[in-house]
Each structure stands twice: as structure tokens, then as C-alpha cells.
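Letter by letter, the chains look like this.
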Amino acid sequence: MGLKETLKQKIEEHRPRTAKLMKEHGDVKIGEVTIEQAIGGARSVKCLVTDISYLDPEEGIRFRGKTIDETFACLPKVPGKGYPSVEAFWYFLLTGEAPTAQQAEEVIADFKARSQVPQYVIDVLRALPRDSHPMAMFSAAIVAMQRESKFSAYYKSGKFNKMNAWEPMYEESTDLLAKLPAIGAYIYRMKYKGDQHIPSNPDLDFGGNFAHMMGVDAPYDDVARMYFILHSDHESGNVSAHTTHLVASALSDAYYSLSAGINGLAGPLHGLANEEVLRWTQGFMEKLGGAEPTEELIEKALWDTLNSGQVIPGYGHAVLRKTDPRYTSQREFCLNTEGLKDYPLFKLVSMIYKVAPGVLTKQGKAKNPWPNVDAQSGVIQWYYGVTEYDFYTVLFGIGRAIGVLANITWDRALGYPIERPKSVTTAMLEKWAADAQK
Ligand code: CMX
């Protein structure tokens, strides 16, 4: 059975579970909200539902119930390569089932058929000032394609049926995802490689073609596959996933929704942290002026950053309370790759890993002093020659699109309503606080 038929079957099996919970158990309480949570960014408030990934504070992410290693192990690898295709992973995230090699090949063929980027998107990118941030370009390219929306066309068709709305959402999510490698690579080469472009190679999968269009040799294709899969999903409460879900809840289409999510990813406390990590390390190296980095010098630089009121990029997390397994997975890749394990930037990042948790613990503010995904990802990019670090969050965005687009397809499948939490006033909080003291 192909992806869409399998997805349809999974949706039909799942719908009665959601319907039963709503009808028979809708009033069961799963948590309470404190004043701290209301003011403090809804930390730990359980009010989103997804089965696509789950983030345990101690263990880290599981995709469809599987750890990162289990996920990589269960999916068919691209022939002759070390990692599965993004297309196989898309199948897995959508259905919860690992595809066979044949099913993965079918998805790869389907993506290829949808991957042509319209010329007007290129025109939009070229019309933007060349010093625009790559994330602004990426977001603009995505929203520019809104006129292609199959979901919006279906909504306006006069035959809109909530039960079938997942189909056009699935279709346009696949359309959109399949185009992202070419858009990302176009931005990269327009901005940093003298506007010299490399045409897409129709024989390659998502990650392979991305590496090819970027102009970076193997094993960068495997790096791209690993990177996109690792960054795909981190349950639903993070800014990019939540924003995409929120915008889609108004029955906005995938183009509007993903573009909004990408804008959230562009914040320095979220995806832009991977750029900030490189900015921090490069600034540190410059100040050293050729001297060898030592743990003492790193410790001083970290304190300087904290004392200047800034955060240490790549460290801390709103949910995680241990080292992010996405960090560990990339670290292991470095340790297992000849050349990378002795690479000075990797050694520096490893040294920061030794020092930063102690500094943050001593400062006593961050609830989690351990590194997140962003602390490590730039090292690998830099090693393979992608040193333009203001581009790094676009890479994150291509990966994140896989997870959030799978999620909004399921949002439509399960008929999730428009999101609309309730706000209260400060005076109300003060009254409830006073009442609680009586
Ligand atoms: N450096 C310095 N201070 C930090 C810190 C860090 N890395 N992490 C947390 N803190 C501070 C917070 O700013 C907060 O300070 P105030 O009380 O003055 O506001 C305090 O510690 C408590 O914060 P927290 O509850 O531990 O963390 P939050 O849930 O509020 O924030 C996060 C989480 C990720 C935004 C924060 O850890 C941070 O700013 N980290 C650095 C940026 C970063 O790496 N972001 C990427 C996260 C992963 C991703 O989304 O891509």
C-alpha cells in the first residue's frame, strides 16, 4: 500500500479514539495552571495533543515512540548510504510505520514529481535585498507560493467537508516539503556563492539532491539526511511547531502556516541559536588572537556573556533536563568521522561542553545547564565547508518543516478546532492570589 492509502487507514483507525475521549471523557482534568505558568510562557501546561513525537525531559525526543537511534535503525537506508531518506522518514512520521524500501522509493518518486520551484518564487527571492536574512528569504518564498494552495482551493470550492480536509492538506504539505531543498540551496548559492546555481539532479533523494544543489560533496548528503531528520519534530509546544499548528487551526493553509512557523524559528532563543553558537565561538577565537583555547579562557568568556545580560547559546531548554540526544547524536557523528573528531572547532565545542554546564549551574538561573541541539550542529556544517552561519537556521527550517507539516495534516484529519486559549487580567490574578492566602 502506498503512503496516502496507509495514512488514510491510520486516520480512520485513529478517529474513534479522539471522538471517544471528547465525548465520554472530555471533563477529565489532566493538569492545573498556576499563576507562574500563566505569566511564564505556559511552561509544562498540558494542552496540546500529538502522536508524532514526544519529548521526555530526561530521555529526550522519541519520534512515533522510537528514540533517535531506533528511528535511524528502523528506516530503509538510501542505497549505498549511511542514513535513511527524508522521504522514508516522512512516511514514518505520517503513519507511524516504517516503510519498506519499495514504499520509500515510491515516496522519493512522488517528491521528485512535486519538487519544481515556480519561477515567480525565484523572482521573489531575487527581488529581496541581498543582505536580507536567509530566514526572511525562506519565509517569503514559502508564503509566496500560497497561490498554489490545494487546501484553500478546496475550502473555497463550496464542497468543504471537515472529514476530508486532511487530503488537500496532505497533498499541499507534500508539494511544499518537496520544494524546500531547492529553495534553501537557491538562497545559499545566491547569497554566498556568487549567484552561481546548480540544477537539481532528478536521480537523487531529498537529502542527496540538497547536498548536490548546495555544491557540497559526499558525505554531506548523509549529513543533510541526518540533520533534517534530527531537527524535524520536538513535540508540539516549541515555538515553530506551536505557531504552525496555531495558524493552521484557523484553517489557514500549509503555506501560511509553515511560513509563520519559520518566522518563530528565526528567533535567537529558538532555531537561530545555531547561528548564535557559531557567532559566539568565532568571536571567542578572534579575541584569543591565535592563542590556544583553554578551559579557563572559555569559563571567563562564558561569564562575560552572562554578565553582559546575554544567554549562552546552545545551552538550556524549556522541557529537557539532560543533554539533548540530538546533541549527542551529532557529537557521535563527529567522534566517528575521521578528520572531524580532531577538528579544532569540534574540540572547542567539546571543551565548552565540559565547562558551560558548570558555569550555568553556578549562576543558578537556568533550569537545564546542558546543551541542546544547536550547540553542536554548526560544527558539522563548518567542517563540510558551509561556514556562512547565518544560513544555518534555514537548514533547521527545512528539517522542522517535515514535523510540522505532518502535524497539521493530522490536525485536519482529527478535526482539531481553532485554537483559542483564554486570557485573564493581572487584577484577576491578584485577586485569586489574595483569595488563596485566606
Ligand atoms: N544562558 C543564560 N541564561 C539562561 C540560559 C542560557 N543558556 N538558559 C536559561 N537561562 C536563564 C533564562 O534566561 C531565565 O532567566 P531569567 O529568570 O532572568 O528570565 C532563567 O535562566 C530560567 O530559564 P529556564 O526556565 O531554565 O529556561 P526557559 O524555559 O525560560 O528558556 C531557553 C529556554 C532555551 C529559551 C533558554 O534555555 C535559552 O535562552 N537558551 C539559550 C538559547 C538557545 O540555545 N536556544 C535554543 C533552544 C533549542 C531550540 O529551540 O532550538
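An unreviewed UniProt entry lists the protein under the name citrate synthase (unknown stereospecificity), with Desulfurispirillum indicum given as the organism. Under the heading Pathway (unreviewed entry), UniProt records this for the protein: "Carbohydrate metabolism; tricarboxylic acid cycle; isocitrate from oxaloacetate: step 1/2."

S.K.: Is there a simple way to explain the environment of Lys 23 in this structure?
M.R.: Mapped onto the fold, Lys 23 is located in helix H1 (residues 3-25). Between the C-alpha atom of Lys 23 and that of Trp 410, which follows or precedes it by 387 residues, the distance is 19 Å.

S.K.: Where do I start with the pattern of salt bridges in this structure?
M.R.: Pairing of side chains with opposite charge becomes possible as their charged atoms draw close. One pass over the structure, following the stated rule, counts 27 salt bridges. Among the ionic pairs, Arg 130 bridges to Asp 195, the shortest N-O distance being 3.8 Å. Note that Arg 130 is positioned in the loop between helix H6 (119-127) and helix H7 (134-144) and Asp 195 in the loop between helix H9 (166-192) and helix H10 (206-214), a separation of 65 residues in sequence. The class for Arg 130 is partly exposed, based on a relative accessible area of 36%. Classification of Asp 195 as partly exposed rests on a relative accessible area of 24%. Linking Asp 222 and Arg 225 is a salt bridge whose minimum nitrogen-to-oxygen distance equals 2.9 Å. You can see Asp 222 and its partner Arg 225 sitting in helix H11 (residues 220-230), three residues apart, about one turn around the helix. According to the relative accessible area criterion, Asp 222 is buried, its value standing at 10%. On the accessibility criterion, Arg 225 (1% relative accessible area) is buried. A network of salt bridges, in which partner residues are shared, links Lys 4, Asp 110, Arg 114, Lys 150, Glu 167, Glu 171 and Asp 175.

S.K.: I would appreciate a short explanation of the nonpolar core in the present structure.
M.R.: Taken as a class, soluble globular proteins show a tendency for nonpolar side chains to be buried jointly. Counting residues in each nonpolar core, the largest one holds 115 residues, and the members touching the most others are Trp 90, Leu 180, Ile 183 and Tyr 220. Beyond its immediate sequence surroundings of up to four residues, Trp 90 is in contact with Leu 3, Val 107, Phe 111, Ser 173, Thr 174, Leu 177, Ile 402, Leu 405 and Ala 406.

S.K.: Would you take a moment to explain a nonpolar patch on the surface for this structure?
M.R.: A grouping of Val 424, Met 428 and Trp 432 is seen on the molecular surface, where their side chains present a nonpolar patch of about 280 Å² in accessible area. By the element assignment, Trp 432 lies in helix H20 (residues 426-437).

S.K.: Sorry, what's going on with the pairing of strand E1 (residues 53-56) here?
M.R.: The side chains of a regular strand alternate between both faces of the sheet. Going residue by residue along E1, you find Ser 53 and Leu 55 tucked away on one face and Tyr 54 and Asp 56 left uncovered on the opposite face. Of the pairings in the sheet, the one linking E1 to strand E2 (residues 60-63) comprises four bridges and is antiparallel in character. Within E2, the residue paired with Tyr 54 across the bridge is Arg 62. A loop of three residues connects E1 with E2, the two strands running antiparallel in sequence.

S.K.: Even after reading the chapter, I still don't get the site of the ligand, so can you show me in this structure?
M.R.: Around the ligand there are 22 residues in total, and His 270, Gly 314, Tyr 315, Lys 367 and Asp 374 lie nearest to it. Between the ligand and Tyr 315, the relevant distance is 2.8 Å, taken from a nitrogen atom to a main-chain nitrogen or oxygen of the residue. Of the residues in the shell around the ligand, the class split is 12 nonpolar, six polar and four charged.

S.K.: Would you take a moment to explain the confidence of the model for the protein for this structure?
M.R.: Low pLDDT marks stretches whose predicted atomic positions should not be read closely. Looking at the protein as a whole, its pLDDT mean stands at 97, while 100% of the residues score no less than 70. Across the protein, helix H13 (residues 254-265) holds the top mean pLDDT of 99, while helix H14 (residues 273-288) sits lowest at 94.

S.K.: Any chance you could explain the layout of surface pockets here in plain terms?
M.R.: Gaps left between atoms are located by rolling a probe of water-molecule size over the structure's atoms. Looking at the second largest pocket, its volume works out to about 540 Å³. Lining the second largest pocket are 27 residues, and of these Ser 115, Val 117, Ala 182, Ser 200 and Met 213 sit closest to its centre. Every element with two or more residues in the lining of the second largest pocket is listed here: helix H5 (101-114), H6, H9 and H10. Considering each element in turn, the lining of the second largest pocket owes the most residues, six residues, to H9. Across the lining of the second largest pocket, the residue classes tally to 16 nonpolar, seven polar and four charged.

S.K.: Please clarify how the packing of helix H16 (residues 325-335) against helix H18 (residues 374-383) should be interpreted in this entry.
M.R.: Between two packed helices, both the angle of their axes relative to each other and the distance between the axes serve to describe the pair. The contact between H16 and H18 brings their axes to 8 Å, and the two run at 30°. Between H16 and H18, the interaxial angle falls into the category roughly parallel. The way H16 lies across H18 gives a crossing that is left-handed. Between H16 and H18, the contacting residues are Tyr 327, Gln 330, Arg 331, Phe 333 and Cys 334 on the first element and Ala 375, Gln 376, Ser 377 and Ile 380 on the second.

S.K.: Could you clarify how one ought to interpret H20 in this entry?
M.R.: Because an α-helix packs 3.6 residues into every turn, residues spaced three or four apart end up facing the same way. Here H20 spans 17 Å end to end across 12 residues, near enough to the 16 Å set by a 1.5 Å rise per residue. For H20, a buried count of one out of 12 residues is recorded, marking the element as mostly open to its surroundings.

S.K.: Help me understand H6, please; the structure alone is not making it clear to me.
M.R.: For H6, every residue scored as buried is listed here: Val 121, Ile 122 and Leu 125. The arc that holds the buried residues of H6, viewed along the axis, is 100°, so those residues lie on one side. Exposed positions of H6 whose direction lies more than 90 degrees from the buried face are Gln 119 and Ala 127. The secondary structure elements touched by the buried residues of H6 are H7 and H9.

S.K.: Could you clarify how one ought to interpret unusual backbone geometry in this entry?
M.R.: Excluding glycine, a negative phi dihedral is what most residues carry, and trans is how most peptide bonds are arranged. Between Ala 218 and the following residue, Pro 219, the backbone shows a cis peptide bond with an omega angle of 10°. Relative to the helices and strands, Pro 219 is located in the loop between H10 and H11. Despite not being glycine, Ala 42 shows a phi value in the positive range, around 55°. Phi is positive for Arg 64, close to 45°, though the residue is something other than glycine. The topology assignment puts Arg 64 in the loop between E2 and helix H3 (68-74).

Parameters at a glance
- Residues numbered from 1 in each chain as written.
- Predicted model: local features only at pLDDT ≥ 70, side-chain atom pairs only at ≥ 80, totals over all residues.
- Heavy atoms only, no water.
- UniProt positions renumbered as here; feature names shortened; annotations may be inferred.
- Helix = DSSP H or I, 4+ residues; strand = E, 2+ residues; numbered from the N terminus.
- Salt bridge = Lys/Arg side-chain N within 4 Å of Asp/Glu carboxyl O.
- Buried < 20%, exposed > 50% of the residue type's maximum accessible area, 1.4 Å probe, protein only.
- Core = buried A, V, L, I, M, F, W, Y, C linked by side-chain atoms within 4.5 Å.
- Contact = heavy atoms within 4.5 Å.
- Patch = residues over 30% accessible without salt bridge, like charges linked within 9 Å, V, L, I, M, F, W, Y side chains within 5 Å.
- Areas by Shrake-Rupley, 256 points an atom, 1.4 Å probe, with all protein chains shown as cover.
- Pairing = 2+ DSSP bridges.
- Near = heavy atom within 4 Å.
- Polar contact = N/O pair within 3.5 Å; in protein donor to acceptor, adjacent residues only side chain to side chain.
- Nonpolar A, V, L, I, M, F, W, Y, C, P; charged D, E, K, R; others polar.
- pLDDT = per-residue confidence, 0-100.
- 1 Å grid on protein atoms, 1.4 Å probe; cavity = no way out; pocket = protein on both sides within 12 Å on 5 of 7 lines; lining within 4 Å.
- Points joined across faces, edges and corners; volume = space filled by probe spheres on them.
- Axes fitted to C-alpha atoms, helices over the stretch in contact; angles between N-to-C directions.
- Parallel < 35°, antiparallel > 145°, perpendicular 65-115°, else oblique.
- Left-handed = near helix turned anticlockwise from the far one by under 90°.
- Expected span 1.5 Å × (residues − 1).
- Arc of directions from axis to C-beta.

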